[in-house]
Every structure is written in structure tokens, then in C-alpha cells.
Amino acid sequence: MTTTHSAPTEEQFDASDPELTRFDLVREGARRDGVEIVHYAPRFPVPGTKAEKRIERVLSFLFLLTGLFGTAFVVAYIWWPWHYGHGDSTYQAWFPFYTPVLGATLGLCLLALGLGIITWSKKLLPEEVSIQERHDGHSDSTEQKLTAATILNMGDELGLKRRKFVGLAFLAGAAPLGAVAGAVLVGSLIKAPKQGDENIFFTTGWDPKHNDGKPVRLTHEDGTPIRPADVSVGGQITVFPGIPEGATNKYADSPTLLIHLREQDALETLKNAKEVNKDSQWQNYVAYSKICTHAGCPASLYEQQTNRLLCPCHQSQFQITDNARPVFGPASRALPQLPITVDDEGYFVATSDYRIPIGPAFWERP
């Protein structure tokens, strides 16, 4: 776009002159801001050419792709199988693709949007080269009007008035992209964490429901039940739920460390027990989840002199005599304690499932 008007002085310029074009106002506003427009030319001097229409179609296609992939992300985020469903072969077949689908759809959505914006700026917006000098001072009413004209002129340069399909395509792409942001914020509220009366975040192999409602025994890996005499004073062993497949990956959240404390240490542990761990200790025996609350590694290195449990992955340490709270390393929450007792036959059993979730990245129960 070019103009033949000469540049009047600031005193001579009348922003209300009806003969002035919007670009005249833009140029004057730029001049007053110390900006010299040294080159300005539209990409397509003659509107409606085949080349321009081709660019518009490409641009519209990219924005529609943005909307398509954004919609796909929202649909997958809400309805795609997102957690492991044991025994459901169809569910299991789709479950592993949940995260890859989210990554692919969001990545392609942002890629299409970025390519669309680049195409718009490089192929449709006018070419312009300007040089600006800094200046101080306030803006009077005339400069405010010039600035407004500059902003409106930018809208004209986008060509949305005569390229309505491109504008609609952009809106069609931007709306699902906005829904993507909303889905991430409220999506977890759509999926209830409970299924019936069962909270899936609190269920492990120690839940009595896996044993016909009866307390689950603590067993060795081969399923042999454990008596108190099987653990020496100051010693510890890894125990598993005494149910079918209790020591397999089906119940990978259930490995537990059973510790036989010394008399004084047991009294201290009992004294320090928080409300959530009340009645979880049996005599001098305590049981804590073996899954580190930092990154899920096996915390199994027990130092009986200090009563600390060490996770070898990142060196988190937990004080067994004080609710297994973290005292060193990156772990920020205590190991959950398994409530235990001894049944009529003299074997250890869990009186209930863990009272708080095991592993990393969960909420504590008050």
C-alpha cells in the first residue's frame, strides 16, 4: 500500500481531515513516535488472485487442523481408558496409548497453530520495514487517535473482512485449543476418583475384599504365612498379601516391610504414633510400605542402630520410630503404615488396607 500525501508538520496536521486515509494516520502516528516507515507493500496488490486464494486455503486448513487435534486431545483426555483395568482385555489394549495419544494430539495441535501463524505473517501480511527512535513524554489526544488508527489498520492488514473463511477457520481452531487448557484444569473433576463405594486410590492387595472379607495374612514371596518368631529382634523382612497372585505384579503396590523393633524403640514408636497410625503397631512389630514416596523405588535398606529406612535410588531416609517420616533426601511424605495384628493361629494379618495412599504423588488423608 502506498500514498502520495506529503508529510505535513505536526502543527499543520489535522487528524480530522476526511481526505486522509487510515494509512496516512498510521504514518503520521509513526512519525510522531520517531518511526520512519521506509518500506510498505501488500503481499497481493490486487486482491482475490489465485495465489492469494491458495494461501488462504492453506491457512484455513492449518487452523482447522488445530481445532481437530485440539478436539481430539479433549476427547482422549476425558474418555480414553486412563488407568489399568485388570481382566478387561479390550480395556488393557487401549490403556497403554493414553499418554502417547495426549502427547501426539496436543503436539500436532500446537504445530498446526504455529504453522498457521507463520504462514499468515509471511504470506498474507504486508511487507514493512520501519525504523524507530526512542523518545520521552506523554501522548496528547491527537497521538491517541493516531495510535487507535494504527491498531485498526493492523486489523485491516489481517484481511479478516474479506477473508471471512480464514477468520472462521482460526476461530474453529482456537476454540478447541482453549478447551484443551480448560480440560487440563477441570478434567480431573469430571472423572470421579471413586467407583461405587471403593476409592481406587486407597486399594492395595491388603484390602480384605480380596480375601472374602477376612483379614489378609502377611506371607513370604512363596505364600508361606509369617509368625512373630520368624523375624529376629532388630531384623526385617519383606512381606506380601496372602492372596492369590499376592506376590506378583498384579499387586505391585503391596510389598511391605515388617520390622521387629527392640523394646525401647517399640515404646518410642508407640508413643510417637500419629492419629492415622493409632492401633497399627502390634507389640514390638511395625509394618511400612516398601514403596518410597519420592519416586516409587523400593525403600528396603534398614539400619537398626538408628532405626532409619533408606531408599537406595535417591537416598531418602525415613525415621521408623516416628511414623516413618522423611528425615533426609527428596521424599516429602512419610511411608504409609500397615495396621497389623496376629490371628488365632498365631500368624500376622493386616487388620485393614493402608489408611493413606502408598507411593509418590498422592494426597494425604487427614
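This text goes with the structure placed above it.
Enquirer: I'd like to hear about the sheet that holds strand 11 (residues 317–319), residue by residue, with values.
Expert: If you walk across this open sheet you meet the four strands as 9-10-11-12, and the pairing is antiparallel. Each edge of the sheet is formed by a strand with only one pairing partner; in this case those strands are strand 9 (301–303) and strand 12 (325–328). Between one strand axis and the next, the sheet turns by 35° as a mean value, whatever way the strands run. Across three bridges, strand 11 lies against strand 12 in antiparallel orientation. Each residue of the ladder has a partner; that of F318, found in strand 12, is P326.

Enquirer: Report on the pattern of salt bridges, specifying residues and quantitative values.
Expert: The tally for this structure, following the rule as stated, stands at eight salt bridges. Two residues, E56 and K53, come together in a salt bridge whose shortest N-O distance is 4.0 Å. A residue pair is termed a helical-turn pair when its members lie 3 or 4 positions apart in one helix, as E56 and K53 do in helix 2 (residues 50–79) at three residues. Residue R325 is joined to D322 by a salt bridge in which the shortest nitrogen-to-oxygen separation is 2.4 Å. Each member of the salt-bridge network shares a partner with another, and the members are R217, D343 and E345.

Enquirer: An account of unusual backbone geometry is needed here, citing residue identities and associated values.
Expert: One non-glycine residue, D212, lies in the positive phi region at around 55°. Mapped onto the secondary structure, D212 falls in the loop between strand 4 (198–199) and strand 5 (216–219). A residue is classified by how much of its surface remains accessible, and D212, at 73% relative accessible area, is exposed. Within the chain, Q315 stands out as a residue other than glycine whose phi angle is a positive 65°.

Enquirer: Tell me about the sheet that holds strand 14 (residues 348–350), and please be specific about residues and values.
Expert: Here we have six strands laid out as an open sheet, ordered 8-7-6-5-14-13, and antiparallel in their pairing. Looking at the sheet topology across the chains shown, the edges are occupied by strand 8 (285–289) and strand 13 (340–342). Strand-to-strand, the axes of this sheet are offset by a mean angle of 40°, without reference to chain direction. With two bridges joining them, strand 5 and strand 14 adopt antiparallel strand pairing. Considered in strand 14, the bridge of V216 is made with A350.

Enquirer: Kindly report on the pairing of strand 8, identifying the contributing residues and their values.
Expert: Within strand 8, five of the five residues are buried, leaving the element largely enclosed by the surrounding structure. The side-chain alternation of strand 8 yields two buried faces, one formed by Y285, A287 and S289 and the other by V286 and Y288. As paired elements, strand 7 (residues 256–260) and strand 8 share five bridges and run antiparallel to each other. Of the residues in strand 8, the one forming a bridge with I259 is V286.

Enquirer: Give a description of the environment of N323 that names residues and reports values.
Expert: Its place among the elements puts N323 in the loop between strand 11 and strand 12. Each C-alpha atom of the pair N323 and K274 lies 7.0 Å from the other, and the pair is 49 residues apart in sequence. Aside from chain neighbours lying at most four places away, what touches N323 is N272, A273, K274, N277, Y288, A334 and L335. Side-chain polar atoms of N323 contact the backbone nitrogen of K274, separated by 2.9 Å.

Enquirer: Please give an account of helix 1 (residues 22–32) that cites residues and values.
Expert: Within helix 1, eight of the eleven residues are buried, which leaves the element mostly enclosed by the surrounding structure. Residues of helix 1 that are buried: F23, D24, L25, V26, E28, G29, A30 and R32. Phi for G34, located one or two positions after helix 1, is positive at around 75°.

Enquirer: Hey, could you go over the state of the cysteines for me, with residue numbers and the actual values?
Expert: Applying the stated criterion to the full structure yields one disulfide. In this model C297 forms its disulfide with C313; the gap between the sulfur atoms is 2.3 Å. Torsion about the S-S bond of the C297 and C313 cystine: about -105°, corresponding to left-handed handedness. With C297 in the loop between strand 8 and strand 9 and C313 in the loop between strand 10 (308–310) and strand 11, this residue pair connects regions lying 16 residues apart in the sequence. Free cysteine C292: the closest other cysteine sulfur is in C311, separated by 3.8 Å. Taking the relative accessible area as the measure of exposure, C292 reaches 1% and is therefore buried.

Enquirer: Quick one: what's the story with a nonpolar patch on the surface, residue by residue and with numbers?
Expert: Nonpolar side chains collect at one region of the surface, where V38, V129 and I131 lie side by side and expose about 250 Å² of accessible area between them. Here V38 is to be found in strand 1 (residues 35–41).

Enquirer: Let's hear about the packing of aromatic side chains: which residues, and what values?
Expert: In the structure shown here, the tally under the stated rule is six aromatic pairs. Centre to centre, the rings of W282 and Y285 are 5.8 Å apart; their planes meet at 40°, and the pair counts as tilted. Judged by its relative accessible area of 6%, Y285 is buried. R227 extends its terminal NZ or CZ atom over the ring of Y347, reaching a point 4.1 Å from the ring centre.

Enquirer: Which residues make up the side chain of T269, and what values do they have?
Expert: On the secondary structure map, T269 appears in helix 7 (residues 263–272). Classification of T269 as buried rests on a relative accessible area of 4%. With near-sequence residues (within four places) excluded, T269 lies in contact with L261, Q281, V286, Y288, I320 and T321.

How each quantity is defined
- Every residue gets a number counted from 1 within its own chain, in the order that chain's sequence is written.
- Given that the model is predicted, a residue must reach a pLDDT of at least 70 before its local features are reported, and side-chain atom pairs must reach 80 or more before they are shown or counted; all residues, however, enter totals for whole chains, interfaces and linings.
- Heavy atoms throughout the structure, all of them, feed into the side-chain values; hydrogens and water do not.
- Strands pair, by our definition, only if DSSP identifies at least two bridges between them.
- Helix and strand definitions here come from DSSP, where helices need a minimum of 4 consecutive H or I residues and strands a minimum of 2 consecutive E residues; each element is numbered from the N-terminal end.
- Lines are fitted to the C-alpha atoms to define the axes, a helix being fitted only along its stretch in contact, and any angle between axes, read from their N-to-C directions, falls within 0 to 180 degrees.
- Salt bridge criterion: a side-chain nitrogen from Lys or Arg within 4 Å of a carboxyl oxygen from Asp or Glu.
- Exposure is judged per residue with a 1.4 Å probe applied to protein chains only, and the accessible area is read against the type maximum: over 50% gives exposed, under 20% gives buried, and values in between give partly exposed.
- By definition in these notes, contact holds between two residues if any of their heavy atoms fall within 4.5 Å.
- In the analysis that follows, any N or O atom pair within 3.5 Å is treated as a polar contact, provided that within protein one partner can donate a hydrogen and the other can accept it, and provided that, for residues neighboring in sequence, both atoms belong to side chains.
- When the sulfur atoms of two cysteines come within 2.5 Å, that pair is taken as a disulfide.
- The patches described consist of residues with a relative accessible area above 30% and no salt bridge, like charges being joined within 9 Å and nonpolar side chains (Val, Leu, Ile, Met, Phe, Trp, Tyr) within 5 Å.
- The accessible surface values rely on the Shrake-Rupley method and a 1.4 Å probe; as for residues, cover is taken only from the protein chains in view.
- Under the pairing criterion, centres of Phe, Tyr and Trp rings, with the six-membered ring standing for Trp, must be within 6.5 Å; the plane angle then separates stacked pairs below 30 degrees from edge-to-face pairs above 60, leaving the rest tilted.
- Consider the ring centre and the ring normal. A charge sits over the ring if Lys NZ or Arg CZ is within 6 Å of that centre and within 35 degrees of that normal.

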